[in-house]
Amino acid sequence: LEKLSYIGADLIIRTLKKLLNNTITPIKQNDASATFAPKIRVADCKIDWKNTAENIHNQIRAFSPNPGAFTFYKNKRVKLFKSKIRKREVGIKLQPGYINYKKPTLYIGTGTRPIKINDIQLEGKKRLPVSQFILGFPGIIGSNFN
């Protein structure tokens, strides 16, 4: 999102200069190639922990920072940010949604292999790095997201 904002700002400046100099050559859009992106629904942002690690990782990236991919813990919405797929299997097999924390890393089980989460935000609270979040909510370790 941040990268795109800089690219967009630069493009606007270049385009405005070309408009002022009357050096823009318009190109008609090929309507046959045009597609519509569906509107993002709340259901699209809800994580299903039975999905593959790749799908969940992509979902977290796609909806970060807003509207935010989310799950539930004790009926409270929890947004997850900055995920990474655990590439190597090192004796860790977690059930989908199971929360495992080995300082400083939070892993959550998926339908395939665990994913690592770097930032987390509990409903009504601010976004925190996992290491700080765990200090305030140590009871989350060993439980499940649903």
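To start, this report covers the structure provided alongside it.

Conventions used here
- Residues numbered from 1 in each chain as written.
- Predicted model: local features only at pLDDT ≥ 70, side-chain atom pairs only at ≥ 80, totals over all residues.
- Heavy atoms only, no water.
- Core = buried A, V, L, I, M, F, W, Y, C linked by side-chain atoms within 4.5 Å.
- Buried < 20%, exposed > 50% of the residue type's maximum accessible area, 1.4 Å probe, protein only.
- Helix = DSSP H or I, 4+ residues; strand = E, 2+ residues; numbered from the N terminus.
- Contact = heavy atoms within 4.5 Å.
- Expected span 1.5 Å × (residues − 1).

### As for the nonpolar core
At step 1: Formed by 24 residues in total, the largest nonpolar core has its most connected members in Leu80, Leu106, Ile115 and Phe145.
At step 2: Listing elements by their share of this core, those giving two or more residues are α3 (53-62), β2 (76-85), β3 (99-102), β4 (105-108), β5 (115-122) and α4 (130-136).
At step 3: No other element matches the four residues that β5 contributes to this core.
At step 4: Setting aside its immediate chain neighbours within four residues, Leu106 contacts Ile99, Asn100, Tyr101, Ile115, Lys116, Ile117, Ile120, Val130 and Ile134.

### Concerning unusual backbone geometry
At step 1: Going from Ser64 to Pro65, the amide bond is cis rather than trans, its omega being -5 degrees.
At step 2: Residue position: Pro65 is located in the loop between α3 and β1 (70-73).
At step 3: With an omega of 5 degrees, the peptide bond running from Asn66 to Pro67 counts as cis.
At step 4: Looking at the element boundaries, Pro67 is found in the loop between α3 and β1.
At step 5: Backbone geometry at Lys82 places phi at a positive 55 degrees, although glycine is not the residue there.

### A word on the environment of Val42
At step 1: As for its position among the elements, Val42 is in helix α2 (residues 42-45).
At step 2: For the pair Val42 and Pro96, spaced 54 residues apart in sequence, the C-alpha separation works out to 21 Å.

### Some thoughts on helix α1 (residues 2-20)
At step 1: The terminal C-alpha atoms of α1, which comprises 19 residues, lie 28 Å apart, in line with the 27 Å expected from a rise of 1.5 Å per residue.
At step 2: One or two residues past the end of α1 sits Asn22, with phi positive at roughly 55 degrees.

Nothing here speaks to function; it is all geometry.
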